[in-house]
Amino acid sequence: MRGLPLSGLKKPGTPVARGPAGGIREDGGRGSQEQTILVVGEPEAEFLARAMFPGAEVIASVKETALAEYMAGRVRPHVVVVDPTVTPRGETVEQWVGRLQISFPGIEVIILPAGQGSGRERRPLGAPATAETRVIGQETVAVWSPKGGVGKTFVAINLACASAISTGGNTCLLDLDLHSGDVACNLDLLEGPSIIDILSNLSDMRPETMERFTVVHPSSGLQVLAAPKRPELSDLVESQHVRTILSLARRRWGLVFVDTPPDITSEVVGECIDQASKIVMVVTQDVAALRQAKMALDILKRIGVGQKEGLAVVVNRVSHQSLFPVSRIEEYLEVEVLGAIPEDRKSAEKAGMDGKPVVLYSRNEASQAFWEILGRLIPGLVTGGECSGQKKRRRFGLW
Ligand SMILES: Nc1ncnc2c1ncn2[C@@H]1O[C@H](COP(=O)(O)OP(=O)(O)O)[C@@H](O)[C@H]1O
Ligand SMILES: [Mg+2]
């Protein structure tokens, strides 16, 4: 989290990060006559698919069946090649493939023979090294700001989804904005349990049991613990509960992102700040947000939190027309600026309406900024040299 290259924060047209497996061309390669393939499984499956279909274009290689399903509908590849070791949620590979064939009758689906698609030791010599799932230790990232409406939820959702994509679903997002949490609404996950359902089970709960109370975001694999469905229920959640939930989530998923309320005096915020290994403070380029952020940072520093290496700022809704360039904001706040997200109302609204965060789209500046920020926040998590600005072959358009 030190010495960030601020010059690379937001330049239109700069090559920037995208998901570990890149993105997908929105026409699925149909613009050309080339056969297009979507691979579901380990990197070895992609190698085999390439060998089976020489000359065809592998438009994406993913590990998550839910993500593959979404992509199949979106890009309509000619063929989907499935590694038999993939593990669809709640069904067998055959059942999942059957469902895929019914949903997309025009797409040919092929299951690789058992024992050929996976297994590190079976990786053929010279097989291309593609993105791999990596869990980088344990991090609890609290996304916070003393001011409402600056984009805490937007930032928390996008960073958490990007992390889920990078880790093959090993990421959880806790919505601890208990009175007005809207993570579930933004991700179109309004059906299902919430934090209230977990309370009576907490005393002797094992980390794995957390899964019963989270909802999976299909496009990214992110596990979400939703806020109470009605504000009057939020008082049932005590700070002791929050402490236990944070601890269980950390042990179950390793990577935990937390969306928070703005109130610095709330016990929940105190608990999150206490337990976080990294704090991302969200600010915008307006005087009130910056003053409040400065004051909050002073308080945090006084109580020793500012000394934490993991405290950094994300500037959201950045506009070139502002009188407060990102470099000045960093000077004023005296805290490292981790990155800047451009103002992009159309994409933000569309993301909320569709339940698909902007990080799922690579032809989008906000998305690219989020991937860069995640790479800086948790070094090593985002693969493929995206953070160094290294130019990669652009295989796909949407991720
Ligand atoms: N970079 C952005 N560009 C455009 N709109 C944004 C951006 N970030 C957030 N928004 C929008 O601003 C509103 C408030 O964001 P939200 O994340 O809910 O703020 P908070 O959680 O801090 O209250 C939402 O409607 C969201 O879509
Ligand atoms: Mg919010």
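Everything that follows concerns the structure shown earlier in this document.
Residues numbered from 1 in each chain as written. Chains lettered and ligands numbered in written order. Predicted model: local features only at pLDDT ≥ 70, side-chain atom pairs only at ≥ 80, totals over all residues. Heavy atoms only, no water.

## Side note on the overall build of the protein chain
How we decide: For helices the rule is a DSSP run of H or I covering at least 4 residues; for strands it is a run of E covering at least 2, with both sets numbered from the N terminus onward. When a residue's accessible area, from a 1.4 Å probe over protein chains only, is under 20% of the maximum for its type it is buried; when over 50% it is exposed; and in between it is partly exposed. Working definition of accessibility: Shrake-Rupley area with a 1.4 Å probe, residue cover restricted to the visible protein chains.
In terms of regular secondary structure, the protein chain is built from 12 helices and 12 strands. Taken over 399 residues, the protein chain has a buried fraction of 55%. Per element, the accessible surface of the protein chain, about 17100 Å² overall, is 51% carbon and sulfur.

## A few points about unusual backbone geometry
For Arg76, which is not a glycine, the phi torsion comes out positive at approximately 45°. The residue Arg76 is located in the loop between helix 2 (65-75) and strand 3 (79-82) in this model. Even without a glycine there, the phi angle at Asp188 is positive, about 55°. Here Asp188 shows up in the loop between helix 5 (183-186) and helix 6 (195-199).

## A few points about the site of ligand 1
Basically, it comes down to this: The cutoff for a nearby residue is simple: one of its non-hydrogen atoms must lie within 4 Å of the molecule or strand. Whenever two N or O atoms come within 3.5 Å, that pair is a polar contact, provided that in protein one can donate a hydrogen and the other can accept it, and provided that, for residues adjacent in sequence, both atoms are side-chain atoms.
Around ligand 1, 15 residues are found, and the nearest of them are Gly149, Lys152, Thr153, Phe154 and Asn316. Separating an oxygen atom of ligand 1 from a backbone N or O atom of Phe154 is a distance of 2.9 Å. Isolated, ligand 1 exposes 560 Å² of accessible area, and the fraction of that covered by the protein chains is 77%. At 3 residues, helix 4 (residues 152-166) tops the list of elements feeding residues into the shell around ligand 1.

## Examining the sheet that holds strand 6 (residues 171-175)
Whether parallel or antiparallel, the strands of a sheet pair through hydrogen bonds between backbone atoms. Convention followed: At least two DSSP bridges between two strands are required for those strands to pair. Whether two residues are in contact is decided by their heavy atoms: any pair within 4.5 Å suffices. Note on definitions: angles span 0 to 180 degrees between N-to-C directions of axes, and those axes are lines fitted to C-alpha atoms, for helices only across the stretch in contact.
With mixed pairing, 8 strands are arranged side by side in an open sheet as 7-8-6-9-5-10-11-12. Edge positions in the sheet fall to strand 7 (215-216) and strand 12 (337-342), since each has one partner strand and no second. Two elements, strand 6 and strand 9 (residues 255-259), share 5 bridges in a ladder whose sense is parallel. Within strand 9, the position partnered with Cys172 by the bridge is Val256. Along the sheet face, helix 10 (residues 326-333) touches strand 10 (278-284), strand 11 (311-318) and strand 12 and points at about 145° away from the line of strand 11. Running at roughly 165° to strand 12, helix 12 (residues 365-377) makes contact with strand 5 (139-144), strand 9, strand 10, strand 11 and strand 12 of the sheet.

## Focus: the nonpolar core
Nonpolar side chains tend toward joint burial in soluble globular proteins. Just so we agree on the cut-off: Only buried Ala, Val, Leu, Ile, Met, Phe, Trp, Tyr and Cys residues count toward a nonpolar core, and they belong to the same one when joined by side-chain atoms within 4.5 Å. The split into domains, and so the bounds of each, comes from an automatic or database assignment of domains.
Formed by 64 residues in total, the largest nonpolar core has its most connected members in Val82, Phe257 and Leu374. Taken domain by domain, this core gets at least three of its residues from each of domain 1 (36-122) and domain 2 (134-377). With residues up to four places along the chain from it excluded, the contact list for Phe257 reads Val141, Leu159, Ala160, Ser163, Thr171, Cys172, Leu173, Leu174, Leu374, Leu377 and Ile378. By size, the runner-up hydrophobic cluster in this structure holds 48 residues, among which are Val283, Leu311, Val315 and Val337.

## Considering the pattern of salt bridges
As a reminder of what qualifies: Any carboxyl oxygen of Asp or Glu within 4 Å of a side-chain nitrogen of Lys or Arg constitutes a salt bridge here.
Counted by the stated rule, this structure contains 13 salt bridges. Arg99 serves as the salt-bridge partner of Glu69, at 2.9 Å between the closest nitrogen and oxygen. Pair noted here: Glu69 is in helix 2 and Arg99 is in helix 3 (residues 93-103), with a separation of 30 residues, a long-range link. The partly exposed category is assigned to Arg99, whose relative accessible area is 34%. Across the pair Glu334 and Lys294 runs a salt bridge whose closest N-O atoms are separated by 3.2 Å. Of this pair, Glu334 sits in the loop between helix 10 and strand 12 while Lys294 is found in helix 9 (residues 287-302), placing the two residues 40 residues apart along the sequence. A relative accessible area of 57% places Glu334 in the exposed class. Residues joined by salt bridges that share partners form a network here, namely Glu69, Glu91 and Arg99.

## Here's the deal with the pairing of strand 11
Here is the rule: By convention a crossover is right-handed if, when the strands point away from the viewer, the path from the first strand over the helix to the second runs clockwise.
Burial analysis of strand 11 places 7 of its 8 residues in the buried class, the great majority of the element. The pairing of strand 10 with strand 11 spans 6 bridges and is parallel. Directly across from Val283, in strand 11, lies its bridge partner Val315. Across 4 bridges, strand 11 lies against strand 12 in parallel orientation. By the bridge assignment, Val314 is partnered in strand 12 with Gly339. For the crossover from strand 11 across helix 10 to strand 12, the handedness is right-handed.

## What to know about the packing of helix 2 against helix 3
Using the following cut-off: Put simply, angles under 35 degrees are roughly parallel, angles over 145 are roughly antiparallel, angles from 65 to 115 are roughly perpendicular, and the rest are oblique. By the definition used in this description, the sense in which the near helix is turned from the far one sets the handedness, with an anticlockwise turn below a right angle giving left-handed and a clockwise turn giving right-handed. Classification used: nonpolar for Ala, Val, Leu, Ile, Met, Phe, Trp, Tyr, Cys and Pro, charged for Asp, Glu, Lys and Arg, polar for all others including Gly.
Relative to each other, helix 2 and helix 3 sit at 10°, their axes nearing to 11 Å. The angle between helix 2 and helix 3 places the two elements in the roughly parallel class. Classified by chirality, the crossing of helix 3 by helix 2 is right-handed. Together, Thr65, Ala68 and Glu69 of helix 2 and Trp96, Arg99 and Leu100 of helix 3 make up the contact between the two elements. Among the residues making up the contact of helix 2 with helix 3, the classes are represented as 3 nonpolar, 1 polar and 2 charged.

## A closer look at the packing of aromatic side chains
The condition is simple: When two rings of Phe, Tyr or Trp (its six-membered ring) have centres within 6.5 Å they constitute a pair, described as stacked for plane angles under 30 degrees, edge-to-face for angles over 60, and tilted for the intermediate range. Charge-over-ring contacts are defined here by two conditions on Lys NZ or Arg CZ: a distance within 6 Å of the ring centre and an angle within 35 degrees of the ring normal.
One pass over the full model with this rule turns up 1 aromatic pair. Pairing Phe154 with Phe370 gives two aromatic rings, centres 5.6 Å apart and planes at 65°, and the pair type is edge-to-face. Placement of Phe154 in helix 4 and of Phe370 in helix 12 is noted, with a sequence separation of 216 residues between them. The ring centre of Tyr332 lies 5.3 Å from the NZ or CZ of Lys294, which sits over that ring.

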